[in-house]
Amino acid sequence: MSTASSTESSSTQSGAPAAPAAESAETPEERTGREPGRFGALVDRFGPALGAYAAVKAIGVTVFMLLLSHTGDYLTKQPGRGGAAKPWDVLGTWDGVWYQRIAENGYNPQLIPLHGFPLATYYENSAAFFPLYPWLMRLVGAVTGLGPYGSGIVVSVLASLVAAAGIFAIAERLGGFRAGVIAAVLWGLFPGSGVEWAVYSDSLFVALSAWACYCVMTRRWLAAGVLTLVAGLNRPTAAVLIAAVSIAALVALVRRTDGVARPLTAMLITPWGLLGYVAWVGWRMGDWGGYFKLQQGAWNRYFDGGSSTLRTIRDVITGHWTYWQANPVPDLIAIGLLIALPGLVLLLWRTRPPLVLWIYTGLTIFTALSTNQIFGNISRYLLPAFPLCIGLAVALRRVRLSSLAWLLGMPVLAAGWYAGYALFELGIP
């Protein structure tokens, strides 16, 4: 994907430190022994990262399934809310139910008043879920004959591999090949990563975000703009990516480093996926603010400046489980992640990442912590902040392989619990 010359120019622009001499002096083509552009060279470049990522995910999902089978609690829970007929069906519950409905039946945006509930003023409606992921589910179903559940799993798994490849590519530029492989693995072990191989749109969003950021780093402005536009059809948090790509393009425009037309075009096209869907929902509802009313009135999601997060942190650390949607195990996992967050940010800072990664990561963290939400889901809402894995990966790149395997062995096994079972069965992802 990248060449030695483009790597050098990007490093100069971003101020990133050079990779270790043994890695920075060796191009992917020299390492693989194949000419640039050959499929085999791509396999040799991305294969180790994708293979390691797939291995840790497979182990985690296996542990998750074993835990489900051991407890059998999923058999007693309400279908679609952590309950299912088979252990693997749990991967299609919660939000997965909504995506399957959309893939089968499409949308019917409405604001229907709901009475008698203190925290809900409207009935839940599928319009709260963006269309790109269910569109792809429907496409895969039409091609393969799979149902919505199977199609959703296929889309998520493939998207997760694309995301891992993008994370590898970015980390490789900042810290070398070894750091890239480790970063892909760490993203597969991140708290909240249980949704990566579930009927959820998170993997697809990270795939689009990672490659959009990579395109900015390699000055492929039109590609970055198109990927960001498409990401706007996948999740509302694409606003973070839109801001990151647009600001990076504006800086390039002011500095005249890449001319005028390409960064300007990227700035102009980035927001239209997000704006287009929100406007369509408002038009169908007869209320231009309908999407936001639905999010707040049906799902109790809205910006509050972080006040609910601060109150919940206080309640969790003092053992008071009376707040809205208290889920002790996922909430404690979220506390652990928040404790580790400053260290992860510091490690990222030491890699001297380019502006687009800083803005994207900072706004992702800000959005996750400043929104009224289910507190235990912070681990999932920070999953798109993949640059946090890159800083840690660069710090671990000099660790011997045997030591690294020993260090990550327990998280690989435990991820099936803290990122899978705790999220889907002990919480509400």
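Numbering of residues starts from 1 in every chain and runs along the sequence as written. Predicted model: local features are reported for residues with pLDDT of at least 70 only, side-chain atom pairs are reported and counted for 80 or more only, and whole-chain, interface and lining totals are derived from all residues. Values shown for side chains rest on all heavy atoms present in the structure; no hydrogens or waters enter the calculation.

1. What about the overall build of the protein chain?
- On a plain count of helices and strands, the protein chain comes out with 20 helices and two strands.
- Our radius of gyration is a C-alpha quantity, and the globule rule it is checked against amounts to 2.2 Å times the number of residues to the power 0.38. In terms of overall dimensions, the protein chain is globule-like: its C-alpha atoms have a radius of gyration of 21 Å, near the 22 Å expected for 429 residues.
- A 1.4 Å probe rolled over the protein chains alone gives each residue an accessible area, and that area as a share of the maximum for its type sets the label: buried under 20%, exposed over 50%, partly exposed in between. Burial analysis of the protein chain (429 residues in total) assigns 55% to the buried set.
- At a minimum sequence separation of 6, the contacts of the protein chain that also span at least 24 residues come to 76%.
- A 1.4 Å probe and the Shrake-Rupley method give the accessible areas. Residues count as covered only by the protein chains that appear here. Of the accessible surface of the protein chain, which amounts to about 18400 Å², a share of 67% is contributed by carbon and sulfur atoms.
- Positive charges come from Lys and Arg alone, negative charges from Asp and Glu alone, with His and the N- and C-terminal ends not counted. Charge coordinates come from a single atom per side chain, which is NZ of Lys, CZ of Arg, CG of Asp or CD of Glu. Taking the average place of the 29 positive charges on the side chains of the protein chain and the average place of its 21 negative ones, the gap between the two points comes to 4 Å. Numbered from the N terminus, helices here are DSSP runs of H or I no shorter than four residues, and strands are runs of E no shorter than two. Should any heavy atoms of two residues lie within 4.5 Å, those residues are considered in contact.

2. What to know about the nonpolar core
- Core analysis: the biggest nonpolar cluster contains 128 residues, and Ile170, Trp187, Phe386, Ile390 and Phe424 have the highest contact counts within it.
- Ranked by residues supplied to this core, first place goes to helix α9 (residues 202-217) with 13 residues.
- For Trp187, the contacting residues outside a window of four places in its chain are Tyr53, Ser160, Ala163, Ala164, Ile167, Ser193, Glu196, Ser203, Val206, Leu383, Phe386 and Cys389. Definition of nonpolar core: a set of buried residues of the types Ala, Val, Leu, Ile, Met, Phe, Trp, Tyr and Cys, connected through side-chain atoms within 4.5 Å.

3. Re the packing of helix α5 (residues 95-105) against helix α6 (residues 132-144)
- At a minimum axis distance of 8 Å, the contact between α5 and α6 shows a crossing angle of 60 degrees. Here α5 lies oblique to α6, going by the angle between them. The two elements α5 and α6 meet at a crossing, and its hand is right-handed. Of the residues in α6, those touching α5 at Tyr99, Gln100, Ile102, Ala103, Glu104 and Asn105 are Tyr133, Pro134, Met137 and Arg138. Fitted lines through C-alpha atoms serve as axes, helices being fitted only where they are in contact, and the angles separating the N-to-C directions of these axes extend from 0 to 180 degrees. These descriptions rest on fixed angle ranges, namely under 35 degrees for roughly parallel, over 145 for roughly antiparallel, 65 to 115 for roughly perpendicular, and the rest for oblique. Each crossing is labelled by how the near helix is turned from the far one, with a counterclockwise turn of less than a right angle marking it left-handed and a clockwise turn marking it right-handed.

4. Regarding the packing of helix α8 (residues 177-189) against helix α20 (residues 401-424)
- Between α8 and α20, the least distance of the axes is 9 Å, while the angle of their chain directions is 25 degrees. Relative to α20, α8 is oriented roughly parallel. Taking contact as the criterion, the partners of Arg178, Ile182, Val185, Leu186 and Leu189 in α8 are, on α20, Leu401, Leu404, Leu408, Pro411, Val412, Ala415 and Tyr418.

5. As for the pattern of salt bridges
- Whenever Lys or Arg places a side-chain nitrogen within 4 Å of a carboxyl oxygen from Asp or Glu, that contact is recorded as a salt bridge. One pass over the full model with this rule turns up 10 salt bridges.
- For Arg380, the salt bridge goes to Asp202, with nearest N and O atoms at 3.0 Å. Taken together, the positions of Arg380 in helix α18 (residues 378-381) and Asp202 in helix α9 put the pair 178 residues apart, joining distant regions of the chain.

6. A closer look at α8
- For a helix, the expected span equals 1.5 Å multiplied by the number of residues minus one. With 13 residues, α8 ought to run about 18 Å at 1.5 Å a step, and its terminal C-alpha atoms sit 19 Å apart, in line with that.
- Within α8, 12 of the 13 residues are buried, leaving the element largely enclosed by the surrounding structure.
- Those residues of α8 lying buried are Phe177, Ala179, Gly180, Val181, Ile182, Ala183, Ala184, Val185, Leu186, Trp187, Gly188 and Leu189.

7. A short note on the environment of Arg81
- Locating Arg81 in the fold gives a position in the loop between α4 (39-71) and α5.
- Of the residues examined, Arg81 reaches a relative accessible area of 41% and is grouped as partly exposed.
- In this structure, the C-alpha to C-alpha distance between Arg81 and Tyr214, residues 133 residues apart in sequence, is 37 Å.
- For Arg81, the residues in contact, after removing those within four places along its chain, are Thr93, Trp94 and Glu124.

8. Some thoughts on the packing of aromatic side chains
- Ring pairs are drawn from Phe, Tyr and Trp, using the six-membered ring of Trp, whenever the two centres fall within 6.5 Å, and their geometry is named by plane angle: stacked under 30 degrees, edge-to-face over 60, tilted for the rest. Under the definition given, this model contains 23 aromatic pairs.
- A centroid spacing of 5.3 Å and a plane angle of 75 degrees characterise the contact between Tyr99 and Phe129, whose relative ring orientation is edge-to-face. You can see Tyr99 sitting in helix α5 and its partner Phe129 sitting in the loop between α5 and α6, a full 30 residues away along the chain. Like Tyr99, the residue Phe129 is buried in the burial classification.
- Between Phe130 and Tyr277, the aromatic rings sit 4.5 Å apart at their centres with planes inclined by 50 degrees, giving tilted as the arrangement. With Phe130 in the loop between α5 and α6 and Tyr277 in helix α13 (residues 272-285), the pair connects residues that are 147 residues apart, well separated along the chain.
- In this structure Phe130 comes out as buried when scored by relative accessible area, which is 1%.
- Three or more aromatic residues link up through ring pairs in this structure, and these residues are Tyr107, Phe130, Tyr277, Trp280, Tyr291 and Phe292.
- Two thresholds decide whether a charge sits over a ring: the Lys NZ or Arg CZ must be within 6 Å of the ring centre and within 35 degrees of the ring normal. One cation-aromatic arrangement involves Arg101 over Trp98; the distance from NZ or CZ to the ring centre is 5.0 Å.

9. Topic: a nonpolar patch on the surface
- Candidate patch residues must exceed 30% relative accessible area and have no salt bridge, after which like charges are joined if within 9 Å and Val, Leu, Ile, Met, Phe, Trp or Tyr side chains if within 5 Å. A contiguous nonpolar patch, built from Ile59, Met410 and Leu413 and spanning about 290 Å² of accessible area, is present on the exposed surface.
- Along the chain, the position of Ile59 falls in helix α4.
- In this structure Ile59 comes out as partly exposed when scored by relative accessible area, which is 36%.

10. Quick look at the side chain of Lys57
- Topologically, Lys57 is positioned in helix α4.
- Lys57 has contacts with Gly188, Ser193, Gly194, Glu196 and Trp197, leaving out every residue within four places of it along the chain.

11. Structural notes on unusual backbone geometry
- Positive phi is not limited to glycine here, since Asn300 has a value of about 60 degrees.
- Examined against the element boundaries, Asn300 turns out to sit in the loop between α14 (290-299) and β1 (302-303).
- The backbone phi angle of Arg352 is positive, close to 50 degrees, even though this residue is not glycine.
- Checked against the element boundaries, Arg352 lands in the loop between α16 (328-350) and α17 (355-369).

12. What about the environment of Leu186?
- In this fold, Leu186 is placed in helix α8.
- Along the chain, Leu186 and Ile390 lie 204 residues apart, while their C-alpha atoms are 8.3 Å from each other.
- Once residues within four sequence positions are removed from consideration, Leu186 is found in contact with Cys389, Leu392, Ala393 and Leu408.

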